[in-house]
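Residue strings, one per chain:
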Amino acid sequence: MYRFLLTPRWWGINLFVVLAIPFCVFMGTWQLGRFEDRVQTHDAAEKQPAPGSRAAEPIDRLLPVSTVTSGRPATATGRYADQFLVPGRELDKKPGFYVLNMLRTDSGKALPVVRGWLPGEPGRTAVPAAPTGTVTVTGDLQASETASTDGVDTRGGLPDDQLGMISAASLVNLVPYDVYDAWVTVQDTGDPGAAKASGALRPVPAALAQGTGLDLKAFQNLGYTGEWFVFAGFVLFMWFRLVRREAEAARDQRLGLVTETGAGAGADAETGPEAREGAAAAHGDDEAEAPSRTA
């Protein structure tokens, strides 16, 4: 009954099933591993001391930015240079923008420094001037933003004094000097009492390093895990269904319930013996009535 499994057509079907099921299982296991890695990284990050509670270190000692150094206080000395406004940034669910200044260090490279946040729209809100002269800045270290970072504007078309994404790749085309592949956000913007005053810069909290929190991407990995395992089960289910249908067709043919005469065979298989007998009787009646109509 199952000799049809050795036919060329079924060899192709069987090969597809043999390859598809392990592939789906592998992809599901891989996605599950990604989710477990995120959970472990999140647990490890929670067990570490708060980044802001650690002593500040020179920026060069904390680079490149990693899940361990992200959020750590970093210091750099230099002079403020170019200023950019970063629109479309929220703080406490209020729309506003970041005020970012390039700190030219003695090494020649510039460190992007977010001095604070202001409500409103760039160009319509007064921005406090940056300190002049040589300054030592201490801020929480952050990795360069990517297109997937919240608030990033990748559409382009911004004015020359505005920036859609805080990253060395974006800034290197706007300034004539080298840029650190990182940035810092200053938590001490001046007088604590003035932070609540209208027009005063508000500190921008440091964000968690990417991949260290149980965010939407982590649960997407878990969802993809279920999808791949469902695909594997669906492939196996369809294979069993095709085998069963083919086996039933072979059995009906062996019992003489169907023929191999093309379309007629398919019709006979669906109508059954009783319907075929009724069709034969009707055909005989038509032949008996034909001579009378001719006469």
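Bear in mind that the values here come from a model prediction, so they are computed numbers and not experimental data.

Scoring rules and cut-offs
- Residues numbered from 1 in each chain as written.
- Predicted model: local features only at pLDDT ≥ 70, side-chain atom pairs only at ≥ 80, totals over all residues.
- Heavy atoms only, no water.
- pLDDT = per-residue confidence, 0-100.
- Helix = DSSP H or I, 4+ residues; strand = E, 2+ residues; numbered from the N terminus.
- Contact = heavy atoms within 4.5 Å.
- Phe/Tyr/Trp six-rings, centres within 6.5 Å; stacked < 30°, edge-to-face > 60°.
- Buried < 20%, exposed > 50% of the residue type's maximum accessible area, 1.4 Å probe, protein only.

### Describing the confidence of the model for the protein
Low-pLDDT portions of the prediction should not be read for the details of their coordinates. Summarising the model, the protein shows a mean pLDDT of 81, and 77% of its residues fall at 70 or more. Averaged pLDDT values over the elements of the protein bottom out at 46 in helix 4 (residues 263-294) and peak at 96 in strand 4 (residues 110-119). Across residues 261-272, where pLDDT falls below 50, the model places eight contacts with residues more than four positions away in sequence or in other chains. Below pLDDT 50 for its whole length, residues 286-295 participates in one contact with residues either more than four positions away or in separate chains.

### Points about the packing of aromatic side chains
In this description, a pair of aromatic rings is defined by centroid distance and the angle of the planes. Applying the stated criterion to the full structure yields four aromatic pairs. A centroid spacing of 6.1 Å and a plane angle of 50° characterise the contact between phenylalanine 35 and phenylalanine 219, whose relative ring orientation is tilted. One end of the pair, phenylalanine 35, is in helix 1 (residues 8-47); the other, phenylalanine 219, is in helix 3 (residues 216-254), and 184 residues separate them in sequence. Phenylalanine 219 sits in the partly exposed class, given a relative accessible area of 46%. Note on tryptophan 239 and phenylalanine 240: the rings are 5.1 Å apart at their centroids and 75° apart in plane angle, and the pair reads as edge-to-face. Three or more aromatic residues joined by ring pairs form one cluster here, namely Phe23, Trp228 and Phe231.

### Examining the environment of methionine 102
Position of methionine 102 among the secondary structure elements: in strand 3 (residues 94-105). Methionine 102 gets classed as buried once you look at its relative accessible area, which sits at 0%. Residues methionine 102 and arginine 79, spaced 23 residues apart in sequence, show a C-alpha to C-alpha distance of 8.2 Å. Once residues within four sequence positions are removed from consideration, methionine 102 is found in contact with Arg79, Tyr80, Ala81, Asp82, Phe84, Ala110, Leu111, Pro112, Leu171, Tyr177 and Val179.

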